[in-house]
Amino acid sequence: MTAYYVLAGGSALITVLGLVMVYSASQVTALQMALPGWYFFRKQLLAAAIGTVLLLVAARMPVKLHRALAYPILAGAVFLMALVQVPGIGVSVNGNQNWISLGGSFQIQPSEIGKLALVLWGADLIARKQEKRLLTQWKHMLVPLVPVAFMLLGLIMLGGDMGTAIILTGILFGLLWLAGAPTRLFVGVLSVASLIGLVLIKTSPNRLDRFACVGSTDVTKCWQAVHGIYALASGGLFGSGLGASVEKWGQLPEAHTDFIFAVTGEELGLAGTLSVLALFAALGYAGIRVAGRTEDPFVRYAAGGVTTWITVQAVINIGAVLGLLPIAGVPLPLFSYGGSALLPTMFAIGLLIAFARDEPAARAALAMRQPRFGRKRTSGSAAGRTTGRRPERGSGRTPGRASARASGGNSGRGTGQGSGQGPRRWNTMRRRASAARPSGER
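Everything numeric here is computed off the predicted structure, so don't read it as measured data.

The rules we used
Residues numbered from 1 in each chain as written. Predicted model: local features only at pLDDT ≥ 70, side-chain atom pairs only at ≥ 80, totals over all residues. Heavy atoms only, no water. Helix = DSSP H or I, 4+ residues; strand = E, 2+ residues; numbered from the N terminus. Expected span 1.5 Å × (residues − 1). Bend = angle between axes of the 7 residues up to and from the residue. 1 Å grid on protein atoms, 1.4 Å probe; cavity = no way out; pocket = protein on both sides within 12 Å on 5 of 7 lines; lining within 4 Å. Points joined across faces, edges and corners; volume = space filled by probe spheres on them. Nonpolar A, V, L, I, M, F, W, Y, C, P; charged D, E, K, R; others polar. Contact = heavy atoms within 4.5 Å. Axes fitted to C-alpha atoms, helices over the stretch in contact; angles between N-to-C directions. Parallel < 35°, antiparallel > 145°, perpendicular 65-115°, else oblique. Disulfide = S-S within 2.5 Å. Buried < 20%, exposed > 50% of the residue type's maximum accessible area, 1.4 Å probe, protein only. Core = buried A, V, L, I, M, F, W, Y, C linked by side-chain atoms within 4.5 Å. Salt bridge = Lys/Arg side-chain N within 4 Å of Asp/Glu carboxyl O. Patch = residues over 30% accessible without salt bridge, like charges linked within 9 Å, V, L, I, M, F, W, Y side chains within 5 Å. Areas by Shrake-Rupley, 256 points an atom, 1.4 Å probe, with all protein chains shown as cover. Phe/Tyr/Trp six-rings, centres within 6.5 Å; stacked < 30°, edge-to-face > 60°. Pairing = 2+ DSSP bridges.

What about helix 1 (residues 2-32)?
And step 1. Here helix 1 contains 31 residues, and its C-alpha end-to-end distance of 45 Å stays within 8% of the 45 Å for a straight helix at 1.5 Å per residue.
And step 2. Most pronounced at serine 26, the bend in helix 1 amounts to some 45 degrees.
And step 3. Note on helix 1: the residue one or two positions beyond its end, alanine 34, has a positive phi of about 60 degrees.

See below:
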């Protein structure tokens, strides 16, 4: 049950700590927009409540139902991602048109659902090919997995969201690696993806500027990246305290979304950031453990895909905050503000929990569990039915008297009485006491 407890406990801790930091980091932004200070926190709390329901539902669903949902989720994700490009329906946020407005302040980002769709559909596809022993041929390894993945990438890149496209590429490579793709196939797919990415970067001045800000200290050209470093540097060992961040007062853009890790470092210090990293490392370890111990091919590929998704996204977000990677505009999983990212991620965590419960050793451990008080009541009632009356209060007598009576030659009478009335239910501690003291001693 190790993976089960690590997944459940780690994801719960990350989500709760994320809610606390969203409330702390978003107050200033809300007040600047003439909104209540708890506006973003309330929306995130609602998304976390809905996500918890999705997590519990996914954790209780059988593996066959997860496989059955793969194709409907993929079809729905493709439809919504194509709907984003329809004028009047798609909404542009920060220069990327990858949102759909649901009315009021509620919006969804279909590309987040695309991550879950690629994991489930890709795992089901590769598992079916493995059952038919088709993975030895490179054509079956690539088709139709790679074309469908490139179709999703194309729909995402039409909106300009290269960060999400990188995560989907990571999921694709994770699935191919788990399927046992040869090195030359990896090199070929990676070369094509790198060439397309290079062209997209060269043709966009905004993306070129983000790459130029990696490791830069020029605050005039790299305002967000440098102020993220300032926030981390001013936190010290234990931080300035919750709510005491200075950078969130208009200096650090997107403090409650993409750069919430920087605010965490400023308010909770090195101890807080290392705790977040340890929790994500625990989730990654548990996901790898589930994928490595299962005998079901679909479970192996799906668990590996979800683990790759969460790990790659966390590395990209934290690396951008630390100035080691270009700013990709992706949230920190389970931690940053954003219901569109939180809901599919919590469903994916429920998927991992369901797989952890389905391990042979976990099933055996769960089957052995019985209500402790239920066993006591059952044994007591069984003793009462055996004797035909209520069980004797033999445990109320002192062990010394019982030992003295036994040593006084009444053992035969005691045996006959015990056989006629049924076995006495002595207390364990009293049995130990009578065995430790000589017979006849009070």
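Quick notes on empty space enclosed by the protein
And step 1. Tallied over the entire structure, the rule returns 5 cavities of 30 Å³ or more.
And step 2. Estimated volume of the largest cavity: approximately 70 Å³.
And step 3. Lining the largest cavity, in full, are Met81, Val84, Gln85, Gln97, Asn98, Pro110, Ser111, Leu155, Ile156 and Gly159.
And step 4. At the level of secondary structure, the elements contributing two or more residues to the lining of the largest cavity comprise strand 2 (96-101), helix 5 (110-131) and helix 7 (145-158).
And step 5. A class-by-class count of the residues in the lining of the largest cavity yields 5 nonpolar, 5 polar and no charged.

Description of helix 7
And step 1. Between its first and last C-alpha atoms helix 7 spans 20 Å; for 14 residues at 1.5 Å apiece the expected length is 20 Å, and the two agree.
And step 2. For helix 7, the secondary structure elements touched by its buried residues are helix 4 (70-83), helix 5, helix 6 (138-142), helix 8 (162-178), helix 9 (183-202) and helix 10 (205-212).
And step 3. Glycine 160 occupies a position one or two residues after helix 7 and carries a positive phi of about 90 degrees.

Concerning the packing of helix 9 against helix 10
Two numbers describe a pair of packed helices, the interaxial angle and the distance between the axes.
And step 1. Two elements in contact, helix 9 and helix 10, have axes whose closest approach is 6 Å; the angle formed by their N-to-C orientations is 100 degrees. Comparing the axis directions of helix 9 and helix 10 gives the class roughly perpendicular. Listed contacts from helix 10 to Leu200, Ile201 and Lys202 of helix 9 are Arg207, Leu208 and Phe211.

Re the state of the cysteines
And step 1. Applying the stated criterion across every chain, the model contains 1 disulfide.
And step 2. Between cysteine 213 and cysteine 222 runs a disulfide, and the two sulfur atoms are separated by 2.1 Å. Looking down the S-S bond of the cysteine 213 and cysteine 222 bridge, the torsion is -90 degrees, so its handedness is left-handed.

Focus: unusual backbone geometry
What is expected of a backbone is that most residues other than glycine have negative phi and most peptide bonds are trans.
And step 1. Between valine 143 and the following residue, proline 144, the backbone shows a cis peptide bond with an omega angle of 0 degrees.
And step 2. Its place among the elements puts proline 144 in the loop between helix 6 and helix 7.
And step 3. Positive phi is not limited to glycine here, since arginine 133 has a value of about 60 degrees.
And step 4. Tracing the sequence through the fold places arginine 133 in the loop between helix 5 and helix 6.
And step 5. Given a relative accessible area of 71%, arginine 133 falls into the exposed group.
And step 6. In the Ramachandran plot, leucine 334 falls in the positive-phi region, its phi being about 65 degrees despite a non-glycine side chain.
And step 7. Relative to the helices and strands, leucine 334 resides in the loop between helix 13 (297-321) and helix 14 (339-357).
And step 8. Residue leucine 334 is classed as buried on the basis of its relative accessible area, which comes to 5%.

Side note on the nonpolar core
And step 1. If you look at the biggest cluster of nonpolar residues, it comprises 107 residues, and the most contacted ones within it are Leu7, Leu145, Leu176, Val290, Phe298, Leu332 and Phe355.
And step 2. Top element by residues in this core is helix 13. It accounts for 13 residues.
And step 3. Not counting residues within four places of it along the chain, the set of residues in contact with leucine 332 comprises Phe261, Val276, Phe280, Ala314, Asn317 and Ile318.

Brief notes about the pattern of salt bridges
And step 1. Summed over the entire model, instances satisfying the criterion amount to 5 salt bridges.
And step 2. Here aspartate 124 and arginine 128 are joined by a salt bridge, their closest N and O atoms 2.8 Å apart. Remark: arginine 128 and aspartate 124 occur in helix 5; sequence separation between them is 4 residues, near one turn of the helix.
And step 3. Given a relative accessible area of 0%, aspartate 124 falls into the buried group.
And step 4. Via salt bridges that share partners, Arg67, Asp124, Arg128 and Glu131 belong to a single interconnected network.

Details of a nonpolar patch on the surface
And step 1. A contiguous nonpolar patch, built from Leu46, Ile50, Leu54, Leu102 and Phe106 and spanning about 450 Å² of accessible area, is present on the exposed surface.
And step 2. Considering the arrangement of structural elements, one finds leucine 46 in helix 2 (residues 39-60).

Quick notes on the packing of aromatic side chains
And step 1. Inspection of every chain in the model, using the stated rule, returns 6 aromatic pairs.
And step 2. Note on phenylalanine 40 and tyrosine 337: the rings are 5.2 Å apart at their centroids and 85 degrees apart in plane angle, and the pair reads as edge-to-face. Pair noted here: phenylalanine 40 is in helix 2 and tyrosine 337 is in the loop between helix 13 and helix 14, with a separation of 297 residues, a long-range link.
And step 3. Among the residues examined, phenylalanine 40 registers a relative accessible area of 8% and is labelled buried.
And step 4. Taking 6.0 Å as the distance between ring centres and 20 degrees as the angle between the ring planes, the aromatic pair formed by phenylalanine 173 and phenylalanine 186 counts as stacked. Remark: phenylalanine 186 occurs in helix 9 and phenylalanine 173 occurs in helix 8; sequence separation between them is 13 residues.
And step 5. Members of the aromatic cluster, each reached through a chain of ring pairs, are Tyr39, Phe40 and Tyr337.

Comments concerning the sheet that holds strand 3 (residues 107-108)
And step 1. Read from one edge of the open sheet, 3 strands run 1-2-3, paired in antiparallel fashion. The strands lining the two open edges of the sheet, one partner per strand, are strand 1 (90-93) and strand 3.
And step 2. Pairing between strand 1 and strand 2: 4 bridges, direction antiparallel. Looking at strand 2, one finds that glycine 90 is bridged to isoleucine 100.

A word on the environment of leucine 366
And step 1. Mapping leucine 366 onto the fold places it in helix 15 (residues 360-368).
And step 2. Along the backbone, leucine 366 and methionine 1 are 365 residues apart, and their C-alpha atoms lie at a distance of 8.7 Å.
And step 3. Among all residues touching leucine 366, those that are not within four sequence positions of it are Met1 and Arg357.

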